[in-house]
Amino acid sequence: MAKKRENEAAMPRHIAIIMDGNGRWAKKRLLPRTAGHAAGAETFRRIALYCREIGVKYLTVYAFSTENWKRPQEEVSKIMGLMKDYLLESIRDMQKNHVRIEFFGDLTALSPELQDLAAEARKESEVFTDSQVNMCINYGSRDEMLRAARAWAKRCAETGEDPESLTEETFSSLLYSADVPDPDLIIRPGGELRISNFLLWQAAYAELYFTDVLWPDFDERELDRAVAAYQARNRRFGGI
Ligand code: FPP
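Being a predicted model, the structure only gives us computed values, none of them experimental.

*Asks:* Could you give an account of the pattern of salt bridges, with specific residues and numbers?
*Replies:* One pass over the structure, following the stated rule, counts 21 salt bridges. Of the charged contacts in the structure, one is a salt bridge between Arg 122 and Glu 102, with a shortest N-O distance of 3.2 Å. Here Arg 122, found in helix H6 (residues 112–125), pairs with Glu 102, found in strand S3 (residues 100–104); they are 20 residues apart in sequence, far enough to count as distant. For Glu 102, a relative accessible area of 16% corresponds to the buried category.

Set out below in structure tokens:
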């Protein structure tokens, strides 16, 4: 019993994932890249459910970056379509799932329909407090920090606050992630060893976990492996 409590204490409160490798997964199967994204969206559903089941309170996923607009139109449309399906499903199943849905990113670039669905999902789910999914859409960490810096400059100009009085807490409160604790564990499947403009400020003390497994193949056992690796590490937050 005591052992179980120890393990529970070590469970990351917030996991963030760069869902990479969809295209390569599809290529290996001689399928179009869009099939990889469809498989990736399924993996996301499974992993979101599993995170809730094992007591991870926050799950943040990188679904579409500020750079992803450069992809072929067909691929962008497919990803947007998958997000629409997911939001419709979340709204439909909200009373069963009890998951709060939030968005990090500038949603104004999305279609009006997707913006409406996002607003509805966010509004309808804000009562749920046990489990939260943050979907990063049209998100870039540098863009997020620039917006925060501009908001702070504007606030100082308007209120006469001293720019020098800016604290880490205030800066954090100006980010999309304002009410969400920093990620404890950031997972990147797909074999690349980089952060790719994802949660740069919030990742300051996160444990990083990389695996060659492609996102559509990432399953519950892979998440268990990542959590076990996290639990085996010694987080010192700059101390000794
Ligand atoms: C990176 O893989 C993945 C993306 C740019 C899109 C991720 C989107 C989804 C998983 C679907 C979104 C929908 C929901 C509901 C979450 P890649 O295409 O760069 O893969 P590659 O590196 O193998 O080419």
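Let's pick the thread back up.
*Asks:* Just give me the short version of the environment of Arg 52, but keep the residues and values in it.
*Replies:* Here Arg 52 lies in helix H3 (residues 33–53). Sequence separation between Arg 52 and Arg 221 is 169 residues, and the spatial gap between their C-alpha atoms is 15 Å.

*Asks:* Requested: an account of helix H7 (residues 141–159), with residues and values cited.
*Replies:* Helix length check: H7 (19 residues) gives 27 Å between terminal C-alpha atoms against 27 Å at 1.5 Å per residue, within 8%. Lining the buried residues of H7 we find strand S4 (132–139) and helix H8 (168–173). Remark: Gly 160 follows H7 within two positions and exhibits a positive phi of approximately 80°.

*Asks:* Now, about the packing of helix H4 (residues 73–92) against H6: what can you tell me, with residues and values included?
*Replies:* The contact between H4 and H6 brings their axes to 10 Å, and the two run at 30°. Here H4 runs over H6; the crossing is left-handed. Contacts between H4 and H6 involve Met 80, Met 83, Lys 84, Leu 87, Leu 88 and Ile 91 from the former and Glu 113, Leu 114, Leu 117, Ala 118, Glu 120 and Ala 121 from the latter. Its residues assigned to classes, the contact of H4 with H6 shows nine nonpolar, no polar and three charged.

*Asks:* Please give an account of unusual backbone geometry that cites residues and values.
*Replies:* Backbone geometry at His 98 places phi at a positive 55°, although glycine is not the residue there. Within the fold, His 98 resides in the loop between helix H5 (94–97) and S3. Judged by its relative accessible area of 38%, His 98 falls in the partly exposed class. Its identity as a non-glycine residue notwithstanding, Asn 138 has a phi of 50°, on the positive side. Here Asn 138 shows up in strand S4. On the basis of relative accessibility, which here comes to 7%, the residue Asn 138 falls in the buried class.

*Asks:* Explain the nonpolar core to me, using residue names and the numbers behind them.
*Replies:* Ranked by internal contacts, the top residues of the largest apolar core, which has 40 residues, are Ile 15, Ile 17, Phe 44, Ile 137, Ile 187 and Leu 223. Take this core: its biggest share by element is six residues, from H4. Not counting chain neighbours up to four residues away, the residues in contact with Phe 44 comprise Met 19, Leu 59, Val 61, Tyr 86, Val 133, Met 135 and Trp 215. If you look at the next biggest cluster of nonpolar residues, it comprises 13 residues, including Val 180, Ile 186, Leu 199 and Ala 206.

Here is what the cut-offs are and how they apply
Residues numbered from 1 in each chain as written. Predicted model: local features only at pLDDT ≥ 70, side-chain atom pairs only at ≥ 80, totals over all residues. Heavy atoms only, no water. Salt bridge = Lys/Arg side-chain N within 4 Å of Asp/Glu carboxyl O. Helix = DSSP H or I, 4+ residues; strand = E, 2+ residues; numbered from the N terminus. Buried < 20%, exposed > 50% of the residue type's maximum accessible area, 1.4 Å probe, protein only. Expected span 1.5 Å × (residues − 1). Contact = heavy atoms within 4.5 Å. Axes fitted to C-alpha atoms, helices over the stretch in contact; angles between N-to-C directions. Left-handed = near helix turned anticlockwise from the far one by under 90°. Nonpolar A, V, L, I, M, F, W, Y, C, P; charged D, E, K, R; others polar. Core = buried A, V, L, I, M, F, W, Y, C linked by side-chain atoms within 4.5 Å.

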